[in-house]
Protein chains: 2
Amino acid sequence: MKRILKYAILGLVHKQEMSGYDITSQFKQEIGQFWSAKHSQIYPELKRLTEEELIEYRTSITGAKLEKKLYCITPKGTQELIEWLVSPKELPETEKDEFMLMLYFSAAVPKEKSKRLFEDQIAKRKRKLEHLYESKKSLQLLDENLQAPGSRQFGHYLVLSRAINREESYIAWLEETLSLFEE
Amino acid sequence: MKRILKYAILGLVHKQEMSGYDITSQFKQEIGQFWSAKHSQIYPELKRLTEEELIEYRTSITGAKLEKKLYCITPKGTQELIEWLVSPKELPETEKDEFMLMLYFSAAVPKEKSKRLFEDQIAKRKRKLEHLYESKKSLQLLDENLQAPGSRQFGHYLVLSRAINREESYIAWLEETLSLFEE
DNA sequence: AAGGACATGTAACACGTTACATGATTGA
DNA sequence: TCAATCATGTAACGTGTTACATGTCCTT
């Protein structure tokens, strides 16, 4: 991967003017299911992108003296963003998953222990799925035409929809596989 | 993540004596779908684990003078491995996916471009899925009782089965979502 | 004889997290 | 007034990739 965070930030500030804090907040929303970064990584990257003239900022004052830097994308930044947006993406050879790594070695522990770990993982993923369903419900209230490309919230819809697909299929696999242990 | 590579290596050398090169090769096999590392990360980690007395090695000579270090796990290492194997795993808050990040911003490009990217991604994932099916077929020839916990290849079966589930459901979502663009 | 696999290591750099550090604003 | 949130930054450390560096063995 070559500087994906760069494109994540370009994509966010392309939609609208944003501060480093706003970007950090965005990564705690839906898109955080597929990409995120901490503020300690974001601020230096904003500085770098500014030096590279891909973004620029104006300073805005909230209240008496709280300063924030509102970043927006430059034409050069837009160009690089679009190039990335239309370039085919390689599949990662590895999509890391600690739980699956553990399962690979699970012959070393009693079946009962493994069953408990499956149940724990299923419960956690079901909780997560519930949150995703609620987010989707909220989103549908905002935009009835959600599933149409061109809808204002279509990007949001896609990531939520895929996040739900990802959790549902993982849970289905976990439940199916757990049943192999019960006989 | 706290030193997952440590546990990956402990798990591998617990099954059988192995060299750094062997470990590197393992990460190119099925388990590489869920965890991997390059040799440049593995060799220093082996050194560290040896210093921590979680593994130890003997030197073996192939041919006239090609040396390799065969590592095996110590009792202390086994204990730490088992502790990790039975401990519940937190869900990662983010499972990074460059393609989904791109989709989130795809409103900025024409629908035709997005369709092409979906098709490209579907083709790549289908190719990968074919390889996984073939691996599963080979594995089934080795072990008829594959799906029984306790089968010699059960760990292999689990990771392959989940990798297939992961690809199948991703492809299903991609195809379903692509159809939203066609009308 | 040559190329590919076997075998082990280090160095430099890129990416990511946790901790350190500071201060303002808003609402209960 | 106190806690949560808004707001920005740096330092130290841990993880991961690419490149550098070397040498052997086996098969054709």
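The structure presented is a predicted model; accordingly, all values stated were derived computationally and were not measured.

**Student:** What exactly am I supposed to notice about the overall build of chain A here?
**Tutor:** Within chain A, the regular secondary structure consists of seven helices and two strands. Starting at the N terminus and ending at the C terminus, chain A contains elements arranged as α-α-α-β-β-α-α-α-α. The globule rule puts the C-alpha radius of gyration for 183 residues at 16 Å, and the 21 Å found for chain A is more than 25% above it. For chain A, the proportion of its 183 residues judged to be buried stands at 51%. Considering only intrachain contacts with a sequence separation of at least 6, the fraction spanning at least 24 residues in chain A is 58%. Total accessible area on chain A is roughly 9,700 Å²; 50% of this is exposed by carbon and sulfur atoms. Here chain A holds 29 positive side-chain charges and 29 negative ones, and the gap between their average locations is 4 Å.

**Student:** Even after reading the chapter, I still don't get the protein's contact with DNA strand C, so can you show me in this structure?
**Tutor:** Neighbouring DNA strand C are 24 residues; S40(A), A64(A), Y21(B), H39(B) and K69(B) lie closest to it. Restricting the count to atoms of DNA strand C within 4 Å of the protein gives a sugar and phosphate share of 66%. Between DNA strand C and K38(A) there is a distance of 3.1 Å, counted from a phosphate oxygen to a side-chain nitrogen or oxygen. Here a phosphate oxygen of DNA strand C sits 2.8 Å away from a polar atom, N or O, in the side chain of Q41(A). For the surface near DNA strand C, the residue count by class is seven nonpolar, nine polar and eight charged.

**Student:** Please clarify how the protein's contact with DNA strand D should be interpreted in this entry.
**Tutor:** Lining the immediate surroundings of DNA strand D are 23 residues, of which Y21(A), K69(A), S40(B), A64(B) and K65(B) lie closest. Here a phosphate oxygen of DNA strand D and a side-chain polar atom of K38(B) are 3.1 Å apart. At 2.6 Å from a phosphate oxygen of DNA strand D is found a main-chain nitrogen or oxygen belonging to K65(B). Only α2 (20-26), α3 (39-51) and β2 (66-73) of chain A together with α3 (39-51) of chain B provide two or more residues apiece to the surface near DNA strand D. Residues belonging to the surface near DNA strand D are distributed by class as follows: six nonpolar, nine polar and eight charged.

**Student:** It is not clear to me how unusual backbone geometry should be interpreted in this structure. Could you clarify?
**Tutor:** Both trends apply: most residues other than glycine have a negative phi, and most peptide bonds are in trans. Phi is positive for E53(A), which is not a glycine, with a value near 60 degrees. Within the secondary structure layout, E53(A) lies in the loop between α3 and β1 (55-62). At R3(B), a residue that is not glycine, the phi angle is positive and equals roughly 50 degrees. Note that R3(B) resides in the segment before α1 (4-15).

**Student:** Explain the side chain of E167(A) here, please?
**Tutor:** Locating E167(A) in the fold gives a position in helix α7 (residues 154-181). A distance of 3.2 Å separates polar atoms of two side chains, one belonging to E167(A) and the other to K128(A). Once residues lying within four places of it in the same chain are set aside, the contact partners of E167(A) are R125(A), K128(A), L129(A), L132(A) and E95(B).

**Student:** Would you mind going over the UniProt feature "domain: Transcription regulator PadR N-terminal" (unreviewed entry) in chain A with me for this structure?
**Tutor:** On the UniProt side, "domain: Transcription regulator PadR N-terminal" (unreviewed entry) is annotated at positions that read residues 9-81 of chain A here. Helix makes up 47% of residues 9-81 of chain A and strand 22%, and the two end C-alpha atoms of the span are 10 Å apart.

**Student:** Honestly, the relation of the copies chain A and chain B in this entry has me stumped. Any pointers?
**Tutor:** These two copies of the chain differ by a rotation about an axis and a displacement along the same axis. Under the fitted operation, chain A is carried onto chain B by 0.0 Å of movement along the axis and a turn of 180 degrees, and the coordinates agree to an RMSD of 0.1 Å. Taken together, the rotation and translation describe the operation of a two-fold axis. Among all residues of chain A, the one whose C-alpha sits closest to the rotation axis is S169(A), at a distance of 3.2 Å. Take the interface residues of chain A: 100% of them recur as interface residues in chain B, which is what a same-surface contact looks like.

**Student:** Mind showing me how you'd approach the UniProt feature "domain: Transcription regulator PadR C-terminal" (unreviewed entry) in chain A here?
**Tutor:** The sites that UniProt annotates as "domain: Transcription regulator PadR C-terminal" (unreviewed entry) are residues 96-181 of chain A. Helix makes up 78% of residues 96-181 of chain A and strand 0%, and the two end C-alpha atoms of the span are 24 Å apart.

**Student:** Quick question: what am I supposed to make of the domain arrangement of chain A here?
**Tutor:** As a measure of interface size, the accessible area lost when the parts come together is often cited. All names here are of chain A. Per the domain assignment, the segments of chain A are domain 1 (4-85) and domain 2 (98-181). In this structure, domain 1 and domain 2 have C-alpha centres spaced 29 Å apart. Listed by partner, the interface residues are five residues for domain 1 and eight residues for domain 2. Each partner contributes to the roughly 620 Å² buried at the junction of domain 1 and domain 2, and carbon and sulfur atoms together form 64% of this total.

**Student:** Please clarify how the environment of M102(B) should be interpreted in this entry.
**Tutor:** Within the fold, M102(B) resides in helix α5 (residues 98-104). Among residues more than four places away in sequence, those in contact with M102(B) are W84(A), L85(A), K89(A) and L117(B).

**Student:** Can you walk me through the packing of aromatic side chains in this structure?
**Tutor:** By convention here, two paired aromatic rings are described through the distance between centres and the angle between planes. Here the structure, examined in full by the defined rule, presents 18 aromatic pairs over all chains. With centroids separated by 5.3 Å and ring planes inclined at 65 degrees, the aromatic side chains of Y104(B) and F105(B) adopt a geometry described as edge-to-face. Assigned by exposure class, Y104(B) and F105(B) land together as buried. Centre to centre, the rings of F118(B) and F181(B) are 5.3 Å apart; their planes meet at 50 degrees, and the pair counts as tilted. Of this pair, F118(B) sits in helix α6 (residues 111-142) while F181(B) sits in helix α7 (residues 154-181), and the two are 63 residues apart along the sequence. Lying across the ring of Y170(A), R162(B) places its NZ or CZ 3.7 Å from the centre.

Procedures and definitions
Residues numbered from 1 in each chain as written. Chains lettered and ligands numbered in written order. Predicted model: local features only at pLDDT ≥ 70, side-chain atom pairs only at ≥ 80, totals over all residues. Heavy atoms only, no water. Helix = DSSP H or I, 4+ residues; strand = E, 2+ residues; numbered from the N terminus. Rg over C-alpha atoms; globule rule 2.2 N^0.38 Å. Buried < 20%, exposed > 50% of the residue type's maximum accessible area, 1.4 Å probe, protein only. Contact = heavy atoms within 4.5 Å. Areas by Shrake-Rupley, 256 points an atom, 1.4 Å probe, with all protein chains shown as cover. Lys, Arg positive; Asp, Glu negative; His and termini not counted. Charge placed at Lys NZ, Arg CZ, Asp CG, Glu CD. Near = heavy atom within 4 Å. Polar contact = N/O pair within 3.5 Å; in protein donor to acceptor, adjacent residues only side chain to side chain. Nonpolar A, V, L, I, M, F, W, Y, C, P; charged D, E, K, R; others polar. UniProt positions renumbered as here; feature names shortened; annotations may be inferred. Least-squares fit on C-alpha atoms with pLDDT ≥ 70 in both. Domains from an automatic or database assignment. Buried area = accessible area lost by both parts, 1.4 Å probe. Phe/Tyr/Trp six-rings, centres within 6.5 Å; stacked < 30°, edge-to-face > 60°. Lys NZ or Arg CZ within 6 Å of the ring centre and 35° of its normal.

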